[in-house]
Amino acid sequence: MTMIEIEMTEHPEHRTGPVARTTSVRSTYRLQLRPDTLTFADARTIAEYLQQLGVSHLYLSPIMTATPGSTHGYDVTDPTTVSAALGGPGGLKALSDEVRGRGMGLIVDLVPNHVGVGDARHNPWWWDVLRNGRKSQFAHCFDIDWSAGNGAGGRLALPVLQSENDPAALTVDRSGAEPMLALHDLRFPIAPGTDGENALRIHDKQHYRLVSWKAGICTYRRFFAVSSLAALRQEDPAVFELTHRELAAWCEHDLIDGVRVDHPDGLSYPAAYLAKLRRLIGPQRLLLVEKVLSSREPLDATLPIDGTTGYDALVEVGGVLIDPAGEATLTGLSRTFCGHGSNGAWFGNNEHRIKRAVAERMLVPEVRRLVAAIKRDAVVGGFDAAAISDVALTNATVEVLSFMPVYRTDYAPLAGMAANIVAKVGKRNRELTVPLSVLVTALSAGGEAAVRFHQVCGAVAAKAVEDTMFYQAARLVSLQEVGCNPARFGYSLLEYHLANTERANRWPATMTTLSTHDTKRGEDVRARIGVLSQFPDVWVQAVTAWNEITPPPDGATGLFLLQNMFGVWPTEGRRAVTGLRERLHLFAEKAVREAGTQSSWEEPDSEFESKLHRWVDAVIDGPVGAELDALAAKLAPHAWSDSLAQKILQLCGPGIPDLYQGCELWEDSLVDPDNRRPVDFGRRLAMLQSLTGTPELERTGAAKMWVVAYALWLRRERPDCFVGGTYTPLFATGDSADHLVAYARGRVGEAPQVIVAATRYSGRLAETGWGDTVLDLPEGAWTDRLTGNSFSGRARLEKLFTRMPVALLVR
């Protein structure tokens, strides 16, 4: 019998067609919808496969009308309509009906924070604002500074000019239904009564002003520093109603079972917004937030949500598999190549510096507007406006923002943090006493300044840490992930179990994940790079030799990229994978521009980037590539072991596990857009239906699919053991006890029903073996669903892991 036939035999209701609707979410499968490769109709065709895999809910990327050609959907251009390119409302209804008929459901990704304005023609609200200015019926939707002192003469500044000569390129396009100002490929509306023959004179009469992106002028709030994404004012009840009208209809017609909220930290009042959203969707639907929790930051338990999208779980699951024995050696290697150890001291010393640079260069418009709000609110509080120095106030504000360790401090558990940071800054810089007093007065008013302060704080954190620091450090890049703290070299077993216990008790329905559309590297790439912590001497020797054979244009860049190359290198050799070279070139270019030390997005260094591309080719084609072939093949078994370990720990741990599309097999994704490549679902279905016995640990990824399917089937079979179930840490005894991660799950008030066991540090185990190490099982007879082997009493780990490096025992 095939794997699927076995599963269907165990669950006879799946042989007879549609089953009753499942109201609880047991697991999710993230689909990156795209008009060109994965529409609602396409999703319907793979619903049966996902049902057979054991998934309970499809988790859809944004489905509202977006910029034409968008491969991610976060650049929504009309938040009131379902994307026609994906199949429109009819396609969404058909998809919902399809999954409902299979006992499954839908989770949707909501983007309340911003809309896409990169091409104004595709955003009717933005187009109307450009044409009619503050009199536009949609002007209230956007956070625009129309004041006379906004740097653009009271007009809406659009930072789209590439050079000082760009205005001369302005022309009038009269080819369509209405005349438009044309700048290269961009088009802008002409206000009624302002048309004429001279494009520059027409421009001078508009409600908007085209400015250089280098001028630091932008009079609308952006998403981070992305000028093509304009923020929405969800605090306005009319804006909320308008932008959530479709969501309300989906809930009314029972098309969806939950919502994932994109970046709520960018909103004016995220807690109030989430309370309103919860009332709209009702108490039974899942509500998750994309919340990046900083090191030791708790999730606000007063929020009416079920949890986060899982970056916190990603950190812990990956961290418990990192071998601390490799820390000193890899720190030394980083010091040699980067001039620093990429360790806690480096991150601590540089986070403040990089945050200041981000605030002073990338977020100039946002900081300027924040400072203006601080002055206004401080004057209301009694300060003399003339006595307040803009320079000093800006310096003090940026300094406080740069020391903030979280995205924003206005969540309940963080009460008092802002005061502590202000006190710290005041102690370090006595000359800032007066401007800090102004800042405190304004923040205490609880008005515009306080709102903007928290919004800018999050933007500074995201751009400085995730998008800059994480591309500059190179000790072990698998730790440099969204929500991670790379200064911590892994997690102990005790920390891991306590974190899981906390999640099981406080956030049983939170999402857990290993890969998302925002992760810097896919889960299996991170797992393989993490294995270097077990083989630090091998890696040091290899990189040192490669540096002599094929020197990189910059040591830090070379060390960073070589780890990523190793992470994605085909185990069957570099010639075996089509498109590898192009993907590595794109990643290398993005990495150095994000890092900002040798090149940047704002001012690309063509000479350095040319050297970099030549080096990438030399690595691929030369002796370094041949040695990467050998090293990837040599360490592959340990990488696969860690991949299966983190997968089973995630799938059976507390929370609702999400699978990112395609990750039921080995995957080799790097940062976006690499992780949005189309997935071959036909191949996956064929493999799932052909599996007849425990697969070998090898390059096809069949072993991973085996683990994924059995874990998801078990969640379907015994749901009460997982979401809302108990969590009990288990510890081995013997010489190799620290190589086991294990826990038990069960129903509340009952004995455990499930035991999950995974191997860690398999590199050292290859030398010593499990020896006398045993795990004392709870009372009863236990069968490993992955192998069919049975155990009771005291299980020897060498027998438990005979076939696979993980086990899924069921009473």
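Small disclaimer: the values here were computed from a predicted structure and weren't measured. (Residues numbered from 1 in each chain as written. Predicted model: local features only at pLDDT ≥ 70, side-chain atom pairs only at ≥ 80, totals over all residues. Heavy atoms only, no water.)

(A) Representation of the overall build of the chain in the model. Of regular secondary structure, the chain possesses 27 helices and 24 strands. For 811 residues, the compact-globule estimate of 2.2 N^0.38 gives 28 Å, and the chain sits close to it at 27 Å. Overall, the chain is about 80 × 60 × 55 Å in size when its C-alpha atoms are taken along their principal axes. Taken over 811 residues, the chain has a buried fraction of 61%. Total accessible area on the chain is roughly 29,700 Å²; 52% of this is exposed by carbon and sulfur atoms. Here the chain holds 84 positive side-chain charges and 96 negative ones, and the gap between their average locations is 2 Å. (Helix = DSSP H or I, 4+ residues; strand = E, 2+ residues; numbered from the N terminus. Rg over C-alpha atoms; globule rule 2.2 N^0.38 Å. Buried < 20%, exposed > 50% of the residue type's maximum accessible area, 1.4 Å probe, protein only. Areas by Shrake-Rupley, 256 points an atom, 1.4 Å probe, with all protein chains shown as cover. Lys, Arg positive; Asp, Glu negative; His and termini not counted. Charge placed at Lys NZ, Arg CZ, Asp CG, Glu CD.)

(B) Spotlight on the side chain of Lys355. Relative to the helices and strands, Lys355 resides in helix 11 (residues 344–362). For Lys355, a relative accessible area of 1% puts it in the buried group. Dropping the residues within four chain positions of it, Lys355 is found in contact with Leu401, Ser402, Met404, Pro405, Val460, Ala461, Ala464 and Val465. (Contact = heavy atoms within 4.5 Å.)

(C) Local environment of the environment of Leu33. Among the secondary structure elements, Leu33 is positioned in the loop between strand 1 (28–31) and helix 2 (40–53). A relative accessible area of 3% means that Leu33 is categorised as buried. Taking the C-alpha atoms as reference, Leu33 lies 7.8 Å from Pro62; in sequence the two are 29 residues apart. If we ignore the near neighbours within four places in the chain, the residues touching Leu33 are Leu38, Thr39, Phe40, Leu60, Ser61, Ile63, Thr71 and Leu86.

(D) Quick look at the packing of aromatic side chains. Tallied over the full model, the rule gives 18 aromatic pairs. Seen from their ring centres, Trp126 and Phe142 are 4.9 Å apart, and the 75° between their planes marks the pair as edge-to-face. One end of the pair, Trp126, is in helix 4 (residues 124–132); the other, Phe142, is in the loop between helix 4 and strand 7 (156–161), with 16 residues separating them in the sequence. Of the two residues, Trp126 and Phe142, neither departs from the other in class, the shared state being buried. Ring centres of Phe560 and Phe587 lie 6.2 Å apart, and the angle between their planes is 10°; on these two criteria the pair is classed as stacked. Pair noted here: Phe560 is in helix 20 (residues 555–568) and Phe587 is in helix 21 (residues 580–595), with a separation of 27 residues, a long-range link. Taken together, the aromatic side chains of Tyr29, Tyr49 and Phe681 make up a single cluster linked through ring pairs. Between the NZ or CZ atom of Arg30 and the centre of the ring of Tyr59, over which it lies, the distance is 4.6 Å. (Phe/Tyr/Trp six-rings, centres within 6.5 Å; stacked < 30°, edge-to-face > 60°. Lys NZ or Arg CZ within 6 Å of the ring centre and 35° of its normal.)

(E) Up close: the pattern of salt bridges. Taken as a whole, this structure holds 64 salt bridges when the rule is applied. The closest approach of N and O atoms between Asp524 and Lys704, which form a salt bridge, is 2.9 Å. Of the two residues, Asp524 sits in helix 18 (residues 523–531) while Lys704 sits in helix 25 (residues 702–717), which places them 180 residues apart along the sequence. Take Asp524 and Lys704: they sit in the same class, and that class is buried. Across the salt bridge formed by Arg796 and Glu798, the nearest N and O atoms sit 3.3 Å from each other. Assessed through its relative accessible area of 34%, Arg796 is described here as partly exposed. If you follow the salt bridges from partner to partner, you end up with Asp143, Arg221, Arg369, Arg376, Glu448 and Arg452 in one network. (Salt bridge = Lys/Arg side-chain N within 4 Å of Asp/Glu carboxyl O.)

(F) Main features of the pairing of strand 9 (residues 180–183). Burial of the side chains of strand 9 extends over both faces: Met180 and Ala182 are buried on one face and Leu181 and Leu183 on the other. Both strand 8 (residues 171–173) and strand 9 contribute to a ladder of three bridges, which runs antiparallel. What sits directly across from Asp173, in strand 9, is Met180. Pairing of strand 9 with strand 10 (residues 186–189) involves four bridges; the strand directions are antiparallel. In the sheet register, Ala182 faces strand 10, and the bridge partner there is Arg187. Between strand 9 and strand 10, which pair antiparallel one after the other, the connecting turn spans two residues, and His184 there sits at a positive phi close to 55°. (Pairing = 2+ DSSP bridges.)

(G) Inspection of the sheet that holds strand 13 (residues 226–231) at higher detail. One open sheet accounts for three strands, arranged 6-13-12; its pairing is antiparallel. Each of the sheet's edge strands pairs with one partner strand only, and the pair in question is strand 6 (114–116) and strand 12 (222–223). Note: strand 6 against strand 13, three bridges, orientation antiparallel. Residue pairing across strands places Val115 opposite Ala230, the latter belonging to strand 13.

(H) Here's a closer look at the sheet that holds strand 16 (residues 307–308). With parallel pairing, the eight strands of this open sheet are ordered in space as 16-15-14-5-2-1-18-17. If you trace the sheet from one side to the other, it starts and ends with strand 16 and strand 17 (511–512), each paired once. Each of strand 2 (57–60) and strand 5 (105–110) is contacted by helix 3 (residues 88–100), which is oriented at about 140° to strand 5, the strand it contacts most. (Axes fitted to C-alpha atoms, helices over the stretch in contact; angles between N-to-C directions.)

(I) Summary view of the domain arrangement of the chain. Each assigned domain of the chain is listed with its residue range as follows: domain 1 (28–113 + 233–309), domain 2 (120–231) and domain 3 (343–472). Computed over C-alpha atoms only, the centres of domain 1 and domain 3 are separated by 32 Å. Summing both sides of the interface, domain 1 and domain 3 together bury roughly 1,200 Å²; the carbon and sulfur share of this comes to 59%. Between domain 1 and domain 3 we count zero salt bridges in total. Of the residues contributing to the side of domain 1 that touches domain 3, the split by class is seven nonpolar, five polar and four charged. (Domains from an automatic or database assignment. Buried area = accessible area lost by both parts, 1.4 Å probe. Nonpolar A, V, L, I, M, F, W, Y, C, P; charged D, E, K, R; others polar.)

(J) Spotlight on helix 19 (residues 536–549). Spanning 14 residues, helix 19 covers 20 Å between terminal C-alpha atoms, matching the ideal 20 Å at 1.5 Å per step. Burial in helix 19 covers these residues: Pro536, Trp539, Ala542, Val543 and Trp546. Buried residues along helix 19 cover an arc of 130° about the axis, so they all sit on one side. Along helix 19, exposed side chains directed more than 90 degrees from the buried face belong to Asp537, Gln541 and Glu548. Residues of helix 19 that are buried sit in contact with helix 10 (327–338), helix 20 and helix 23 (623–652). (Expected span 1.5 Å × (residues − 1). Arc of directions from axis to C-beta.)

(K) Fine view of the nonpolar core. In this structure, Leu31, Leu53, Leu60, Ile63, Trp250, Val259 and Leu808 are the most contacted members of the largest nonpolar core, which totals 96 residues. No other element matches helix 25, which puts 12 residues into this core. Every residue in contact with Val259, bar those within four places of it in the chain, is listed here: Ile107, Val108, Leu110, Leu247, Leu277, Ile281, Leu286, Leu287 and Leu288. Membership of the second largest hydrophobic core comes to 50 residues, among which are Phe337, Trp539, Val543 and Ala632. (Core = buried A, V, L, I, M, F, W, Y, C linked by side-chain atoms within 4.5 Å.)

(L) How the structure looks around unusual backbone geometry. Each neighbour pair has its own omega, and for Asp672 with Pro673 the value is 5°, a cis peptide bond. Tracing the backbone shows Pro673 in the loop between strand 18 (656–660) and helix 24 (681–690). Even without a glycine there, the phi angle at Asp254 is positive, about 60°. Relative to the elements of secondary structure, Asp254 occurs in the loop between helix 7 (245–252) and strand 14 (258–261). With a relative accessible area of 29%, Asp254 lands in the partly exposed category. Even without being a glycine, His263 presents a positive backbone phi close to 40°.

(M) Region of interest: helix 21. Here helix 21 is 16 residues long and its end C-alpha atoms lie 22 Å apart, about the 22 Å a rise of 1.5 Å per residue gives. A large share of helix 21 lies buried, amounting to 12 of its 16 residues. Tucked inside the fold, the buried residues of helix 21 contact helix 16 (448–472), helix 20 and helix 22 (606–621). Following helix 21 by one or two positions, Gly596 adopts a phi angle in the positive range, close to 75°.

(N) Looking closely at the packing of helix 20 against helix 22. Two elements in contact, helix 20 and helix 22, have axes whose closest approach is 12 Å; the angle formed by their N-to-C orientations is 40°. By the angle between their directions, the pair helix 20 and helix 22 is classed as oblique. Relative to helix 22, the crossing made by helix 20 is right-handed. For the pair formed by helix 20 and helix 22, the contact residues are Thr557, Gly558, Leu561, Leu562 and Met565 on the first element and Phe608, Leu612, Trp615, Val616 and Val619 on the second. A per-class count over the contact of helix 20 with helix 22 returns eight nonpolar, two polar and no charged. (Parallel < 35°, antiparallel > 145°, perpendicular 65-115°, else oblique. Left-handed = near helix turned anticlockwise from the far one by under 90°.)

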